[in-house]
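The chain contents come next:
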Amino acid sequence: MRATAQRQQPAAIVLCSVLTGLATVRALAAHDVQVHAFVFDPKDPLRFSRYPNKVITVSATMQEHDLTKFVCQYAQSIGGRPVLIVTSDLHALWLAKHAVALGQHCRVWTTPH
């Protein structure tokens, strides 16, 4: 077991777009991060990957408010304020709009812009 796995590190919730999401999940898993992947395409190949600890298929038509509520509830269920990572422009915009609400339950990366 590597030294990084011995430290208590937060889990990650990754909102995945098809290829970028898969690459992100693989990179996190390679560093022993517990990964919870949210996919928005039922045919996403990530559903069959061994890398994420759990894959959750979410409706691509889910409204922003409902997605925010779902992610917050999911983050609470796994505990430890997981890191929230988005891998598409659409989800980056969603994250910017809802960062305050999400930040209460997740670790949200922000920039000073």
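First, a word on what this report is: a plain description of the structure on this page.

Each value, and the rule that gives it
Residues numbered from 1 in each chain as written. Predicted model: local features only at pLDDT ≥ 70, side-chain atom pairs only at ≥ 80, totals over all residues. Heavy atoms only, no water. Pairing = 2+ DSSP bridges. Helix = DSSP H or I, 4+ residues; strand = E, 2+ residues; numbered from the N terminus. Contact = heavy atoms within 4.5 Å. Axes fitted to C-alpha atoms, helices over the stretch in contact; angles between N-to-C directions. Parallel < 35°, antiparallel > 145°, perpendicular 65-115°, else oblique. Left-handed = near helix turned anticlockwise from the far one by under 90°. Nonpolar A, V, L, I, M, F, W, Y, C, P; charged D, E, K, R; others polar. Expected span 1.5 Å × (residues − 1). Buried < 20%, exposed > 50% of the residue type's maximum accessible area, 1.4 Å probe, protein only. Arc of directions from axis to C-beta. Core = buried A, V, L, I, M, F, W, Y, C linked by side-chain atoms within 4.5 Å.

Looking at the sheet that holds strand S5 (residues 107–108)
Ordered in space as S3-S2-S1-S4-S5, the 5 strands form an open sheet in which the pairing is parallel. Looking along the sheet, the strands with just one partner apiece sit at the ends: strand S3 (54–57) and S5. Where strand S1 (residues 12–16) lies against strand S4 (residues 83–86), 4 bridges are found, and the strand directions are parallel. Residue Ala12 lies in a different strand from S4, and its bridge partner there is Val83. Sitting on the sheet, helix H3 (residues 64–78) is in contact with S1, strand S2 (35–39), S3 and S4, with an inclination near 160° to S2. Relative to the sheet, helix H4 (residues 89–103) contacts S1, S4 and S5, its axis offset from that of S4 by approximately 165°.

Observations regarding the environment of Ala101
Residue placement: Ala101 occurs in helix H4. As for Ala101 and Ala23, which are separated by 78 residues in sequence, their C-alpha atoms are 27 Å apart. Every residue in contact with Ala101, bar those within four places of it in the chain, is listed here: Thr68 and Cys72.

Notes on the packing of H3 against H4
Two elements in contact, H3 and H4, have axes whose closest approach is 10 Å; the angle formed by their N-to-C orientations is 60°. Between H3 and H4, the angle falls in the class oblique. Considering the relative orientation of H3 and H4, their crossing is right-handed. Here H3 contributes Glu64, Leu67, Thr68, Val71 and Cys72 to the contact with H4, which in turn contributes His91, Trp94, Lys97, His98, Ala101 and Leu102. Its residues assigned to classes, the contact of H3 with H4 shows 6 nonpolar, 3 polar and 2 charged.

Topic: helix H2 (residues 18–30)
For H2, with 13 residues, the first-to-last C-alpha span of 19 Å sits near the 18 Å given by 1.5 Å per residue. Buried within H2 are the following residues: Gly21, Leu22, Thr24, Val25, Leu28 and Ala29. Relative to the axis of H2, the buried residues are bounded by an arc of 165° and lie together on one face. In the segment just after H2, Asp32 is the residue with positive phi, at about 60°.

Focus on the nonpolar core
In summary, soluble globular proteins display a tendency toward joint burial of nonpolar side chains. Counting 16 residues, the largest nonpolar core has Leu15, Phe38, Val71, Leu84 and Trp94 as its most contacted members. Mapped by element, the contributors of at least two residues to this core are S1, H3 and H4. Per-element tally for this core: the top contributor is H3, with 5 residues. Counting 11 residues, the second largest nonpolar core, distinct from the first, contains Ala12, Val25, Leu28 and Leu46.

Some points on unusual backbone geometry
Located in the positive-phi region is Asp32, a residue other than glycine, with phi close to 60°. Residue placement: Asp32 occurs in the loop between H2 and S2. Backbone geometry places Arg81, a non-glycine residue, at a positive phi of 45°. Along the chain, Arg81 falls in the loop between H3 and S4.

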